[in-house]
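Listed below are the residues making up each chain.
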Amino acid sequence: MPNTIGGINLSVIAQQSLDALLVEMPVVSAFTTDFSSDVADVGESVSTRVASAVSAGDATSGYSATDVTSTAKTITLDKHKHFTAKFTDLEIAKGGLDLLERTFVRPAIHSVVNAMMDDVLAKVLTADFNTSKTVAAADFGADDTAAIAADLTTLNVPRTGRALIIKPDYFTKLAQDNAIQASYAYGSPTAIQDYRVPRVHGLDVIEYSDIPANGESLQGLACGKEAIIIAARQPALPENWAGSVESVQDPDTGITIQLRNWYEAKDGAQYLTCTLMYGVATGTNSLVRIVS
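Residues numbered from 1 in each chain as written. Predicted model: local features only at pLDDT ≥ 70, side-chain atom pairs only at ≥ 80, totals over all residues. Heavy atoms only, no water.

**Student:** How should the overall build of the chain be read in this particular structure?
**Tutor:** Scanning the chain for helices and strands turns up eight helices and 16 strands. For the chain, with 292 residues in total, the buried portion stands at 43%. For the chain, restricting intrachain contacts to residue pairs at least 6 apart in sequence, the fraction spanning at least 24 positions comes to 77%. In the structure as shown, the chain presents an accessible area of about 14400 Å², 50% of it carried by carbon and sulfur atoms. (Helix = DSSP H or I, 4+ residues; strand = E, 2+ residues; numbered from the N terminus. Buried < 20%, exposed > 50% of the residue type's maximum accessible area, 1.4 Å probe, protein only. Contact = heavy atoms within 4.5 Å. Areas by Shrake-Rupley, 256 points an atom, 1.4 Å probe, with all protein chains shown as cover.)

Spelled out as structure tokens, the structure:
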């Protein structure tokens, strides 16, 4: 049967993939993801809208209206990434599910999500986001995070959904900050027990090792969700094809990764593919670059 690998159904592999996908998703959740009906249609691009910043006014003389504007953003679906693994008959007979988990599921999910984040973070450039905070990793701490939060407020970034994405050396110094290590300051011992810094000065803290310098000494970023927009759709289902397909969807972001499984008799091997089709675009100026 095309959907069976050593007695293991592709849907079982899909569930294992979902567990791996959930681990990868926090960094994606820092940005706007669009999976409207437009994304489901065919075509090279999709459109979404982002709201401009607004300010409250004085109501002592009545409720005068303020124009509310939104900006149309077009995302070209020009990225299609995959990870494909090949398992020989002998490997399948010996390995089973453990083999698939070790050599396919987690590497596959990580590779396609990491490829997408490479394209997302390549958009973090001075030309589009001109607010920056210059600080060396050795000096980074809670006070710097407070200053960055203030910069986001100056940019009229809503307080909900703010995220701080930083390289491991910056994360380490932040985790070592006495204000964070003191459990009474957090009401939680996670910084010491679990090496996690969940939230500082209104920012969700995410450690991410593959932040590109982008030729501008980029070390991290703090942003609202509308700074960068990600749109994605599944590749078309193959027709007249002796294989099987399963979809794995993150329940929070809605990003769906497609799994394909087929057997090549001439190779005596089973092939498994993890694939993702997407596009990225800059949104609003709601991001602070952290540079060295």
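**Student:** Can you help me understand the side chain of Arg162 in this one?
**Tutor:** Tracing the backbone shows Arg162 in the loop between α4 (142-154) and β8 (163-166). No salt bridge is formed by the buried Arg162, whose closest oppositely charged neighbour, Asp151, lies at an N-O distance of 9.7 Å. Within polar-contact distance, the side chain of Arg162 engages the backbone oxygen of Val157 at 2.8 Å. Among all residues touching Arg162, those that are not within four sequence positions of it are Ala149, Leu152, Thr153, Val157, Arg199, Gly202, Leu203, Asp204 and Cys223. (Lys, Arg positive; Asp, Glu negative; His and termini not counted. Salt bridge = Lys/Arg side-chain N within 4 Å of Asp/Glu carboxyl O. Polar contact = N/O pair within 3.5 Å; in protein donor to acceptor, adjacent residues only side chain to side chain.)

**Student:** Even after reading the chapter, I still don't get the packing of aromatic side chains, so can you show me in this structure?
**Tutor:** Aromatic ring pairs: the centre-centre distance and the angle between the two ring planes describe each pair. Per the stated rule, a full pass over the model turns up three aromatic pairs. The interplanar angle of 40° and the centroid separation of 6.2 Å between the aromatic rings of Phe83 and Phe104 together place this pair among those described as tilted. Of this pair, Phe83 sits in strand β6 (residues 79-88) while Phe104 sits in helix α3 (residues 89-121), and the two are 21 residues apart along the sequence. For Phe83, a relative accessible area of 24% puts it in the partly exposed group. (Phe/Tyr/Trp six-rings, centres within 6.5 Å; stacked < 30°, edge-to-face > 60°.)

**Student:** Any chance you could explain the side chain of Asn114 here in plain terms?
**Tutor:** The topology assignment puts Asn114 in helix α3. The class for Asn114 is buried, based on a relative accessible area of 14%. A distance of 2.8 Å separates polar atoms of two side chains, one belonging to Asn114 and the other to Tyr208. Residue contacts for Asn114: discarding those within four places in its chain leaves Tyr208 and Asp210.

**Student:** For this particular structure, what's the right way to read helix α5 (residues 168-176)?
**Tutor:** Owing to its 3.6 residues per turn, the α-helix aligns residues three or four sequence positions apart on the same side. Those residues of α5 lying buried are Tyr170, Phe171, Leu174 and Ala175. The arc enclosing the buried residues of α5, seen along the axis, measures out at 135°, which places them on a common side. (Arc of directions from axis to C-beta.)

**Student:** In this structure, what is going on with α4? I would like to understand it.
**Tutor:** In this model, α4 (13 residues) spans 19 Å end to end at C-alpha, consistent with the 18 Å of a helix rising 1.5 Å per residue. Within α4, the full set of buried residues consists of Ala142, Asp144, Thr145, Ile148, Ala149 and Leu152. For α4, the angular spread of buried residues about the axis comes to 150°, placing them on one side. Counted as exposed and oriented over 90 degrees from the buried face of α4: Asp143 and Thr154. Asn156 lies just past α4 and shows a positive phi near 60°. (Expected span 1.5 Å × (residues − 1).)

**Student:** Please explain the sheet that holds strand β16 (residues 287-291) as it appears in this structure.
**Tutor:** Hydrogen bonds between backbone groups are what pair the strands of a sheet, and the pairing can be parallel or antiparallel. The strand order β7-β16-β11-β8-β10-β9 describes an open sheet built from six strands, whose pairing is mixed. Two strands bound the open sheet, and with one partner strand each, they are β7 (131-134) and β9 (199-200). Against the sheet, α5 touches β8, β9, β10 (203-207), β11 (218-223) and β16, its axis set at about 120° to β8. (Pairing = 2+ DSSP bridges. Axes fitted to C-alpha atoms, helices over the stretch in contact; angles between N-to-C directions.)

**Student:** Teacher, can you tell me more about the pairing of strand β15 (residues 269-282) here?
**Tutor:** Within a regular beta strand, the side chains point alternately toward one face of the sheet and then the other, so they alternate between its two faces. Burial of β15 is extensive: 14 of the 14 residues sit out of reach of the surface. Burial along β15 is two-sided: the face carrying Ala269, Tyr271, Thr273, Thr275, Met277, Gly279 and Ala281 and the face carrying Gln270, Leu272, Cys274, Leu276, Tyr278, Val280 and Thr282 are both buried. As paired elements, β6 and β15 share 10 bridges and run antiparallel to each other. Across the sheet, Ala85 pairs through a bridge with Leu272, a residue of β15. Alignment of strand β12 (residues 228-233) against β15, held across six bridges, turns out to be antiparallel. Each residue of the ladder has a partner; that of Ile229, found in β15, is Ala281.

**Student:** Mind showing me how you'd approach the pairing of β12 here?
**Tutor:** Burial of β12 is extensive: six of the six residues sit out of reach of the surface. Side chains Ile228, Ile230 and Ala232 of β12 all project onto a buried face; the interleaved residues Ile229, Ala231 and Arg233 project onto the opposite face, where all are buried too.

**Student:** How should I be thinking about the environment of Lys81 in this particular structure?
**Tutor:** Residue position: Lys81 is located in strand β6. Exposure remark for Lys81: the relative accessible area of 27% places this residue in the partly exposed category. Taking the C-alpha atoms as reference, Lys81 lies 6.5 Å from Met277; in sequence the two are 196 residues apart. Apart from residues lying up to four places away in sequence, Lys81 is in contact with Val112, Ala115, Asp119, Cys274, Thr275, Leu276 and Tyr278.

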